[in-house]
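In case you want the letters, here they are:
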Amino acid sequence: MPTKFWTTALLLTGLLLGAGCKNHVVFREQGFDKYRQQDFAGAAEDFRTAVDMKPGDYRSQYYLGVSLLQQDQFVAAQTPLEQALILRPDDPDWTPRIADAIAESYYGQERTEALYAFLDEKIAENNQQTRDYLRKAEFLGRLGDADGQREALSKAAFFAPPGDAEPYIALADFYVSVNDVPRAIGSLRQGYFVNPESDEVKDRLRGLGVVPGPTIADPPPKPAIVE
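By convention here, each chain's residues receive numbers from 1 onward along its written sequence. Only residues with pLDDT of at least 70 get local features here, since the model is predicted, and only at 80 or more are side-chain atom pairs given and counted; chain-wide, interface and lining totals rely on the full set of residues. Think of the side-chain values as coming from all heavy atoms in the structure, minus any hydrogens and water.

Engineer: Even after reading the chapter, I still don't get helix H6 (residues 95-108), so can you show me in this structure?
Structural biologist: Helical periodicity: at 3.6 residues per turn, an α-helix aligns residues three or four positions apart in one direction. Numbering goes from the N terminus for both helices and strands, where a helix is a DSSP run of H or I of at least four residues and a strand is a run of E of at least two. Expected helix span is given by 1.5 Å per residue-to-residue step, counting one fewer step than there are residues. Given a rise of 1.5 Å per residue, 14 residues ought to cover 20 Å, and the 20 Å separating the end C-alpha atoms of H6 matches this to within 8%. Buried means the residue's accessible area, taken with a 1.4 Å probe over protein chains only, is under 20% of the maximum for its type, while exposed means over 50%, and partly exposed covers the values in between. Looking at H6, one finds that the buried residues are Thr95, Ile98, Ala99, Ala101, Ile102, Ala103, Ser105 and Tyr106. Of the surrounding elements, those touching the buried residues of H6 are helix H4 (58-70), helix H5 (74-87), helix H7 (112-125) and helix H8 (130-142). One or two residues past the end of H6 sits Glu110, with phi positive at roughly 60°. Working rule for contacts: check all heavy atoms of both residues, and any pair within 4.5 Å makes them a contact.

Engineer: Help me understand the nonpolar core, please; the structure alone is not making it clear to me.
Structural biologist: Side chains of nonpolar character tend, in soluble globular proteins, to be buried together. What we call a nonpolar core is a set of buried Ala, Val, Leu, Ile, Met, Phe, Trp, Tyr and Cys residues that are connected through their side-chain atoms within 4.5 Å. Ranked by size, the top nonpolar core spans 28 residues in total, and within it Tyr62 and Leu81 carry the most contacts. No other element matches H4, which puts 7 residues into this core. Discounting residues that sit within four places of it in the chain, Leu81 has contacts with Gln61, Tyr62, Gly65, Val66, Leu69, Ile98, Ala101, Ile102 and Ser105. By size, the runner-up hydrophobic cluster in this structure holds 23 residues, among which are Ala137, Ala152, Ala172 and Tyr175.

Engineer: Got a minute to help me understand the side chain of Gln61 in this structure?
Structural biologist: With respect to the secondary-structure elements, Gln61 resides in helix H4. Setting aside residues up to four positions removed in sequence, Gln61 forms contacts with Val51, Pro55, Pro80, Leu81, Gln83, Ala84 and Leu87.

Engineer: Even after reading the chapter, I still don't get the pattern of salt bridges, so can you show me in this structure?
Structural biologist: Close approach of charged atoms lets side chains of opposite charge pair. Salt bridges, as used here, are contacts in which a Lys or Arg side-chain nitrogen is within 4 Å of a carboxyl oxygen on Asp or Glu. Inspection of every chain in the model, using the stated rule, returns 18 salt bridges. Arg135 is the partner of Asp100 in a salt bridge, and the nearest nitrogen-oxygen pair spans 2.6 Å. Of the two residues, Asp100 is situated in helix H6 and Arg135 in helix H8; the sequence distance between them amounts to 35 residues. Here the salt bridges do not stand alone but share partners, grouping Asp100, Arg131, Asp132 and Arg135 into one network.

Engineer: How do you make sense of the packing of aromatic side chains when you look at a structure like this?
Structural biologist: In summary, the pairing rule links any two rings of Phe, Tyr or Trp, Trp by its six-membered ring, whose centres are within 6.5 Å, and it sorts them by plane angle into stacked for under 30 degrees, edge-to-face for over 60 and tilted for everything else. Under the counting rule described, the total for this entry stands at 14 aromatic pairs. When the centroid spacing of 4.8 Å and the interplanar angle of 85° are considered together, the rings of Phe158 and Phe159 count as edge-to-face. Of the aromatic side chains, those joined through ring pairs into one cluster are Phe32, Tyr35, Phe40, Phe47, Tyr58, Tyr62, Tyr63 and Trp94. The criterion for a charge sitting over a ring is simple: Lys NZ or Arg CZ within 6 Å of the ring centre, and within 35 degrees of the ring normal. Just above the ring of Trp94 sits the side chain of Arg97; from NZ or CZ to the centre is 4.2 Å. The ring of Tyr107 carries Arg142 above its face, with NZ or CZ at 4.4 Å from the centroid.

Engineer: What's the story with the layout of surface pockets in this structure? I'm lost.
Structural biologist: Unfilled space is identified by rolling a water-sized probe across the atoms. A 1.4 Å probe that fits but cannot get out identifies a cavity on a 1 Å grid over protein atoms alone, an open set with protein on both sides within 12 Å along at least five of seven lines counts as a pocket, and a residue lines either if it has an atom within 4 Å of a point. Grid points are joined across faces, edges and corners, and a volume is the space filled by probe spheres set on the points. Approximately 230 Å³ is the volume attributed to the second largest pocket. Together, 13 residues line the second largest pocket, and Pro96, Asn126, Gln129, Arg131 and Asp132 are the ones closest to its centre. Listing elements by their share of the lining of the second largest pocket, those giving two or more residues are H6 and H8. Here the lining of the second largest pocket gets 4 residues from one element, more than from any other, and that element is H8. Among the residues forming the lining of the second largest pocket, the class breakdown is 4 nonpolar, 4 polar and 5 charged. Under the grouping applied here, Gly and all other residues not named as nonpolar or charged are polar, the nonpolar ones being Ala, Val, Leu, Ile, Met, Phe, Trp, Tyr, Cys and Pro and the charged ones Asp, Glu, Lys and Arg.

Engineer: Please clarify how the packing of H4 against H5 should be interpreted in this entry.
Structural biologist: Packed helix pairs are specified by the crossing angle of their axes together with the interaxial distance, meaning the distance between the axes. Every axis in this analysis is a line fitted to C-alpha atoms, fitted for helices over the stretch in contact. Angles between the N-to-C directions lie between 0 and 180 degrees. For the pair H4 and H5, interaxial distance at closest approach is 8 Å and the crossing angle is 155°. With respect to H5, the element H4 is oriented roughly antiparallel. Note that H4 runs across H5; the crossing there is left-handed. Contacts from Tyr58, Gln61, Tyr62, Leu64, Gly65, Val66, Leu68 and Leu69 in H4 reach Phe74, Ala76, Ala77, Pro80, Leu81, Gln83, Ala84 and Leu87 in H5. Considering only residue class, the contact of H4 with H5 consists of 13 nonpolar, 3 polar and no charged. What sets the label is the angle itself: under 35 degrees gives roughly parallel, over 145 gives roughly antiparallel, 65 to 115 gives roughly perpendicular, and the rest give oblique. In this scheme the crossing of two helices becomes right-handed for a clockwise turn of the near helix relative to the far one and left-handed for an anticlockwise turn of less than a right angle.

If you want it as structure tokens, here you go:
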């Protein structure tokens with residue numbers, strides 16, 4: 001037969017085979033679509049298939065974990081989330097969100113000791129980053145440890161980089177939750193000093209009856225904090 005015939009036949013065969021062949025990326029994208037539609041069971045199925053095809057796909061490992069968290073399957077979520085952390089241990093974009101999800105898994109399992117250990121481990125590993133203290137504060141608050149929550153928030157502010165008002169906002173929220181408005185305002189005044197351009201700080205101040213302006217800025221104290 002003519003060479004052209006065989007070339008066309010092989011091309012058609014390749015197209016037909018390719019049409020029925022899905023790789024891990026296709027299943028991952030299907031999982032994203034279902035996750036966005038809040039079909040968490042369907043999303044988990046697609047992400048699990050993607051993980052089976054390529055265990056090194058940290059995105060699929062992470063989203064498999066969070067899809068299971070959305071279904072309160074806290075034990076099942078732990079393994080893919082831990083795998084995602086192994087695959088992405090030092091990624092400034094991914095590592096914090098993976099750590100958040102692992103903490104959620106421990107919390108959902110009521111493994112309080114493991115949760116405390118994990119939160120402190122992340123702080124030590126990352127050399128006392130503000131994000132890790134904020135994570136600790138969130139979960140201590142959910143566990144009802146108000147003193148520990150306040151201490152973690154204070155350390156988050158202490159170790160915050162220049163211009164980062166987030167921990168001061170979180171401190172203000174904490175004080176509002178315990179009906180201590182003067183300290184909430186004090187935290188926001190410090191946040192305003194740190195970042196006078198923060199619209200969120202300004203809005204929070206206005207919400208507590210304080211007009212933002214240079215005269216209300218208050219330098220935050222920098223006491224020695226002993227671990």
